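Listed below, chain by chain, are the residues.
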Amino acid sequence: MNNLKQNYMITEVQDGYVKTEKEHGITTIEFYHPKGNSLPGKLLETIAQAIHSEGVDTNTKVIILRSAGTGAFCSGASFDELENIKTAEEGATFFRGFAKIINAMRRAPKFIIVRIHGKCIGGAVGIAASADYAIAVEGADIKLSELAVGIGPFVVGPAVQRKIGLSPFTQLTIDAGMWRPADWARRKGLYAELHPELTGMDDSIERLSFTLSHSNPDAMKELKKVFWAGTENWDDLLNERAAISGRLILSEYSRDFIQKFKAKGKQ
């Protein structure tokens, strides 16, 4: 269901929504899902479409990507959806949803600020890494949990490695059950800023987005090309990586982990 009212649109999808608001050249894209802002396939698709649409909209000068609520920023892949994957192709299709978001973020000729108010799990770390400028608050700890699930951060890996380097990326990947504190993420370069309180984070986002909305869009477009140089093959690369995850999620190990995880009522 879409509701359009002036510069405001909300798309309801799979118990969640994607909301787009525009004001003075600043477009805010907000996503929400009741299960820890986890991401089922249709929500992934809708977020990617919103980022692409605003990237090509000449009225948008800068994009803010955020999630709703006061809990996790994003819990990564929806376990409900992972549980229902029956074939490798279905798995690849699902994980391509994360590829679509990352590629939409890197291709958008606008700077994307990501507001991170809570924990980032799995694919959410890839979204944070794909920000041109990520601003977080204390408590926005991170974890690449994929190996614990029986797969790996194959799709988001290139974005995370590009942002923080190979060694920190391998640490996150191998010790998949360990949370890294938000300050660790800041020191490694995942977060550009880390604030002690939400008000400070939001004030900084307001200041930066206002400044960028009055900056030269052609200069920002050219800078974005520079920042993302060397990623031109990611359309193919991330789809290939999605196929790996799509195959592995069918393993007995992954099936067992998902069933035990859901039995605990965590998602």
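Being a predicted model, the structure only gives us computed values, none of them experimental. (Residues numbered from 1 in each chain as written. Predicted model: local features only at pLDDT ≥ 70, side-chain atom pairs only at ≥ 80, totals over all residues. Heavy atoms only, no water.)

Q: Report on the packing of aromatic side chains, specifying residues and quantitative values.
A: Taken as a whole, this structure holds nine aromatic pairs when the rule is applied. One aromatic cluster is present, built from ring pairs that chain together F79, F257 and F261. Positioned above the aromatic ring of W228 is the side chain of R162, whose terminal nitrogen or guanidinium carbon lies 3.6 Å from the ring centre. One cation-aromatic arrangement involves R180 over W184; the distance from NZ or CZ to the ring centre is 5.7 Å. (Phe/Tyr/Trp six-rings, centres within 6.5 Å; stacked < 30°, edge-to-face > 60°. Lys NZ or Arg CZ within 6 Å of the ring centre and 35° of its normal.)

Q: Break down the pairing of strand β8 (residues 133-137) for me, with residues and values.
A: Among the five residues that make up β8, four are buried, leaving the element largely enclosed by the rest of the structure. Bridging between β8 and strand β10 (residues 193-195) involves three bridges; their strand directions are parallel. Each residue of the ladder has a partner; that of I135, found in β10, is E193. (Buried < 20%, exposed > 50% of the residue type's maximum accessible area, 1.4 Å probe, protein only. Helix = DSSP H or I, 4+ residues; strand = E, 2+ residues; numbered from the N terminus. Pairing = 2+ DSSP bridges.)

Q: Go over the confidence of the model for the protein with me, naming the residues and quoting the values.
A: Averaged over all residues, the pLDDT of the protein is 95; the fraction at 70 or higher stands at 97%. Segment residues 1-5: pLDDT under 50, and nine contacts once partners within four positions in sequence are set aside and those in other chains are kept. (pLDDT = per-residue confidence, 0-100. Contact = heavy atoms within 4.5 Å.)

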